[in-house]
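Observations on chain architecture
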Amino acid sequence: GQLGIELRREFDSAGWQVSAWDRKDVDITDSSAVESAIGSLAPDVVVNSAAYNMVDVAETEPQAAFLVNGLAVRNIAVACRQADALLVHFSTDYVFDGTANRPYTESDAPHPLGAYAVSKLAGEYYARAYLDRVLIVRTSGVFGPGGLSTARGNFIELMLRLARENRIIRVVEDHVASPTYAPALANRTVAMVERGLTGIVHCGGGRPLSWHEYASMIFKEAGLNPKLHATNEVEFRTAARRPRYSALSNAYIESLGIPPMPPLETAIRSYLQLRERFQSAG
């Protein structure tokens, strides 16, 4: 996925010996397969960036979401305990209900609103139940160059596709998040691991903004001027309830010396440059 690609690249660059698996290589919902894969390597660190993230679909198939986001994390945690390995697991801003109306910190109590969010929080609990050494990184709206070659893409790719189709684009203005650039998140994750950080940490894009503002920023950086209209939760109903304000505060990790995340404008610009390079090479 978008994050896994960058994690492999960043750990490689930092001098780590990396073994990386795709879904076809190891089924994380199979406890025996997970135990065998991790046990054969005796790793120092195991990083789990796999997730079921179809938020709306999860409302009709909650078991599938819970299997990947909850029970599979238990499988990994048990195998990490046997191997005495640190587990780095990625969670989501959606564990919160969005009523705080300010960036969430690590000390805020979670309150998930739907099947996807419940499954992700369950994964956190499983990881912490089985391991003393675990790093849970909550993040928000991840996008990265890996989205260019995956079926579901990301928000930037969706916006660019809609702009090409010359359609009226409606994006909610009453939901706020902190979109996160995958290469920067992967880089900070390596820094956290090398500093021996454990527990729950937040690492979002560093700037709270609405999805409508995010879309406007994308079009500005891409030099496009499509018909972008603001909508809201009432007009744009989805199957799953979503937190209205789920931006994350990075104050804690920054206080520990982890570099701040790049400005979102810079991240989008970098993404678009990589996108152009990728398309030219293709």
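Let me sum up the structure you'll find in this document.

Cut-offs used in this document
Residues numbered from 1 in each chain as written. Predicted model: local features only at pLDDT ≥ 70, side-chain atom pairs only at ≥ 80, totals over all residues. Heavy atoms only, no water. Helix = DSSP H or I, 4+ residues; strand = E, 2+ residues; numbered from the N terminus. Rg over C-alpha atoms; globule rule 2.2 N^0.38 Å. Buried < 20%, exposed > 50% of the residue type's maximum accessible area, 1.4 Å probe, protein only. Contact = heavy atoms within 4.5 Å. Areas by Shrake-Rupley, 256 points an atom, 1.4 Å probe, with all protein chains shown as cover. Lys, Arg positive; Asp, Glu negative; His and termini not counted. Charge placed at Lys NZ, Arg CZ, Asp CG, Glu CD. Pairing = 2+ DSSP bridges. Axes fitted to C-alpha atoms, helices over the stretch in contact; angles between N-to-C directions. Arc of directions from axis to C-beta. Polar contact = N/O pair within 3.5 Å; in protein donor to acceptor, adjacent residues only side chain to side chain. Phe/Tyr/Trp six-rings, centres within 6.5 Å; stacked < 30°, edge-to-face > 60°. Parallel < 35°, antiparallel > 145°, perpendicular 65-115°, else oblique. Left-handed = near helix turned anticlockwise from the far one by under 90°. Nonpolar A, V, L, I, M, F, W, Y, C, P; charged D, E, K, R; others polar. Expected span 1.5 Å × (residues − 1).

1. Quick look at the overall build of the chain
Scanning the chain from N- to C-terminus turns up nine helices and ten strands. Relative to a compact globule of 282 residues, whose C-alpha radius of gyration would be 19 Å, the chain shows 18 Å and is just as compact. Principal-axis analysis of the C-alpha atoms places the extent of the chain at approximately 55 × 40 × 40 Å. Out of the 282 residues in the chain, the part that is buried amounts to 49%. Residue pairs at least 24 apart in sequence account for 82% of intrachain contacts in the chain once pairs closer than 6 positions are excluded. Roughly 13700 Å² of accessible area belongs to the chain as shown, and the carbon and sulfur atoms make up 48% of that amount. Considering the chain, the positive charge centre built from 28 side chains and the negative charge centre built from 31 side chains are found 4 Å apart.

2. Brief notes about the sheet that holds strand β1 (residues 45-48)
Spatially, β1-β2-β3-β8 is the arrangement adopted by the four strands of the open sheet, whose pairing is parallel. The open sheet is flanked by β1 and β8 (199-202), the only strands paired with a single partner. Neighbouring strand axes in the sheet, compared pairwise and without regard to direction, differ in orientation by 20 degrees on average. Where β1 and strand β2 (residues 86-92) come together, four bridges link them in parallel fashion. Looking at β2, one finds that Val 47 is bridged to Val 88.

3. Re helix α2 (residues 31-41)
For α2, the full list of buried residues reads Val 34, Ala 37 and Ile 38. On an axial view of α2, the arc spanned by its buried residues comes to 85 degrees, and they lie on one face. Projecting away from the buried face of α2 at angles above 90 degrees are the exposed residues Ser 32, Ser 36, Gly 39 and Ser 40. Elements in contact with the buried residues of α2: β1 and α3 (62-83). You can read the cap of α2 off the contacts: a side-chain oxygen lies 3.0 Å from the backbone nitrogen of Ser 32, and it is on Asp 30.

4. Brief notes about the packing of aromatic side chains
Per the counting criterion, the structure on display carries nine aromatic pairs. Their ring planes at 10 degrees and their centres at 4.1 Å tell us that Phe 96 and Tyr 104 sit as a pair that is stacked. As far as the burial class goes, Phe 96 and Tyr 104 line up, both buried. For the ring pair Phe 143 and Tyr 181, a centre distance of 5.3 Å and an interplane angle of 35 degrees mean the geometry is tilted. Taken together, the residues Phe 143 in strand β4 (residues 142-143) and Tyr 181 in strand β7 (residues 180-181) connect sequence positions 38 residues apart.

5. Observations regarding the packing of helix α1 (residues 2-13) against helix α6 (residues 182-194)
In a packed pair of helices, the relevant descriptors are the angle between the two axes and the axis-to-axis distance. Following both chains from N to C, one finds α1 and α6 inclined at 50 degrees, their axes separated by 8 Å at the closest point. The angle between α1 and α6 places the two elements in the oblique class. As α1 packs across α6, the resulting crossing turns out to be right-handed. Contacts between α1 and α6 involve Gln 2, Leu 3, Glu 6, Leu 7, Glu 10 and Phe 11 from the former and Ala 182, Pro 183, Leu 185, Ala 186, Asn 187, Thr 189, Val 190 and Val 193 from the latter. A breakdown of the residues in the contact of α1 with α6 according to their chemical character gives nine nonpolar, three polar and two charged.

6. Observations concerning the environment of Arg 167
Following the sequence through the fold, Arg 167 ends up in the loop between α5 (155-164) and β5 (169-172). Under the relative-accessibility criterion, Arg 167 is labelled partly exposed at 45%. A polar atom in the side chain of Arg 167 sits 2.8 Å from the side chain of Glu 165.

7. Here's the deal with the side chain of Ser 246
Within the secondary structure, Ser 246 is located in the loop between β10 (228-231) and α8 (251-255). Here Ser 246 falls in the buried class, since its relative accessible area comes to 2%. A distance of 2.7 Å separates a polar atom in the side chain of Ser 246 from a polar atom in the side chain of Asp 93. Beyond its immediate chain neighbours, meaning those up to four positions away, Ser 246 contacts Asp 93, Tyr 94, Tyr 104, Ser 140, Val 176 and Ala 177.

8. Considerations on helix α4 (residues 115-130)
The first and last C-alpha atoms of α4 sit 23 Å apart over 16 residues, in line with the 22 Å expected at 1.5 Å per residue. Looking only at α4, the buried set comprises Ala 115, Tyr 116, Ala 117, Ser 119, Lys 120, Leu 121, Ala 122, Gly 123, Glu 124 and Ala 127. Along its buried surface, α4 packs onto α3, β2, β3 (134-139) and β8.

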